[in-house]
Amino acid sequence: MKRINYNPLCWAFAFTLFALFIFVFSYLYPYGADEYFYRSRCPDLIGAVKMYLFSYTHHNPRIGLLANNIIIANGKWLFLILNPLMQLFLVLSLMRLIEGKRTDFSSLKDFPLFVLLAAAGVFLVAQPDNTLFWIGGACNYSWSFLLFVWFLIFLRHIYESGKTPKFKTWQTALLFIGAIALGMSNENNSIAAFMLISAFILYCLKKRIKIWPSLAIFFLGVLIGLVLLFAAPGSYKRAAHPLLSFFQDASILEKLIWHYPKIQDLAASMFLIPLITAFLALLELFSTRLKALRNNDFLYSGITFLIALFLAAILAGAPIFGHSRVFYSASAMWIISFVFLIKYFQDTYKLPLIRILAWAAFIFALFITPFFSIQYFYIYSQEKSRGKYIEKLRAQNPPTAYIPYLEPVDGPTRNLKIFYYDVLLSQEKEKLLGLNKIVIPNKDDSKLNII
């Protein structure tokens, strides 16, 4: 009798479980001020594009905002379909980057790596509530990071094959569009991508690797995207806000001093993965008398570590007020660097390290998920209750409406806590909620027994 291969079923089960996890928390995360704002201005696809063009000149030029507007115009159901697929594709793309080849789903050889990256991609990245489950954050951070990952895959292929791939016309056109999108993704990713592609072209020239149009077109696309991002009037109008004037007037040294604790907090929120990676890499480097650099996995670990450091450090030039979501790509790159290093140790010393870490990550995910989940179910329940109350107020049309904030409970760690931007914080709250005058009750006001 022919033996049945159950390995594809294991992969399918893991994919379904991960996608369901992303779906549930994306569903539970409520609309915030941005969603109410864009929903009132993006009634259809044309409205979504017009709103993006307005934001480009007045507020936010990142290309992810266009995806955000299209989703808002169609409804949250579109995000609930796309986000699990995008996050799953991101994990598989990370596997492609680390393994350097396609995953073989007919065996379970790469299954531990999937488990490790899936768990780390949720619980170790910067502020997952804002970068994975919030519509605007996912479009601007984790979805945009996909472009950066495939950019690195593209460079790895050229480095290892020693030649630039030749593409068909339609493939070159897609490459060019993707490069422009990467250049417009966000401020730190865009600069890092431009510097990397520039350095890589110089490497190709030195090694006499023939540069086919694909690499030159990619460089041109990233450059165009970078110019479109940083020349956008919206960036300068946003930076000119009076609250940011103190930051603009500060010296470079002051900005660096203010930025260091943020990177320190990021490393702590990742359970010191960056420091552990640096320590192990330096120890191995000295113990092998630099011979470890001849191994590609070790070399890639060092390169991705430096990319992560750059992605984090360059944000010193931007004002950051309490939200660590801008460090998403840096945190993801440090995870990649760590896994590359573990893969090097596993292959060099013949130890099942990825399998051990995958089990540890799985057990950690099982342990922390209940504590992680409580805050999402809590804020979802609050939002639904308040939504019914607001509908009742609209029907009554009172001159003054008393509406409380949604108050998220604490998460298991500060990084895993929900940071929610309530619509009541918007200056247009009355217009967005369709009410006359909104008064936000004080929790300590005994006359308004809201609790």
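Predicted, not measured: the structure shown is a model, and the values here were computed from it. (Residues numbered from 1 in each chain as written. Predicted model: local features only at pLDDT ≥ 70, side-chain atom pairs only at ≥ 80, totals over all residues. Heavy atoms only, no water.)

The subject of this paragraph is the pattern of salt bridges. According to the stated counting rule, one finds 8 salt bridges in the structure shown. We note a salt bridge from Asp347 to Lys343, for which the minimum N-O separation is 3.7 Å. With Asp347 and Lys343 both in helix 17 (residues 328-349), this residue pair falls 4 residues apart, about one helical turn. For Asp410, the salt bridge identified is with Lys417, shortest N-O distance 3.2 Å. Classification of Asp410 by relative accessible area gives exposed; the value is 62%. (Salt bridge = Lys/Arg side-chain N within 4 Å of Asp/Glu carboxyl O. Helix = DSSP H or I, 4+ residues; strand = E, 2+ residues; numbered from the N terminus. Buried < 20%, exposed > 50% of the residue type's maximum accessible area, 1.4 Å probe, protein only.)

So, on to unusual backbone geometry. In the Ramachandran plot, Leu272 falls in the positive-phi region, its phi being about 65 degrees despite a non-glycine side chain. Here Leu272 lies in the loop between helix 14 (252-269) and helix 15 (273-287). Relative accessible area serves as the criterion here: at 41%, Leu272 is assigned to the partly exposed category. Even without being glycine, Arg289 reaches a positive phi, approximately 55 degrees. For Arg289, the location among the structural elements is in the loop between helix 15 and helix 16 (296-313).

Quick look at the packing of helix 8 (residues 135-161) against helix 10 (residues 187-206) now. At their nearest, the axes of helix 8 and helix 10 sit 11 Å apart, and the two run at 10 degrees to each other. For the element pair helix 8 / helix 10, the angle class is roughly parallel. Residue-level contacts link Phe145, Phe148, Phe151, Leu152, Leu155, Ile158 and Tyr159 of helix 8 to Asn189, Ala192, Ala193, Leu196, Ile197, Phe200, Tyr203 and Cys204 of helix 10. Here the residues of the contact of helix 8 with helix 10 sort into 14 nonpolar, 1 polar and no charged. (Axes fitted to C-alpha atoms, helices over the stretch in contact; angles between N-to-C directions. Parallel < 35°, antiparallel > 145°, perpendicular 65-115°, else oblique. Contact = heavy atoms within 4.5 Å. Nonpolar A, V, L, I, M, F, W, Y, C, P; charged D, E, K, R; others polar.)

This prediction gives the protein a mean pLDDT of 91; 96% of its residues lie at or above 70. Scored below 50 in pLDDT, residues 446-451 makes 4 contacts in the model with residues more than four places away or belonging to other chains. (pLDDT = per-residue confidence, 0-100.)

Here we take up the environment of Asn83. Here Asn83 is to be found in helix 5 (residues 76-99). For Asn83, a relative accessible area of 0% gives the class buried. Once the C-alpha coordinates of Asn83 and Trp134 are considered, the two residues, 51 residues apart in sequence, prove to be 9.8 Å apart.

With 24 residues, helix 5 extends 35 Å from end C-alpha to end C-alpha; this agrees with the ideal 34 Å at 1.5 Å per step. Residue Leu82 marks the point of greatest curvature in helix 5, where the axis turns by about 25 degrees; the proline Pro84 follows within four residues. One or two residues past the end of helix 5 sits Gly100, with phi positive at roughly 75 degrees. (Expected span 1.5 Å × (residues − 1). Bend = angle between axes of the 7 residues up to and from the residue.)

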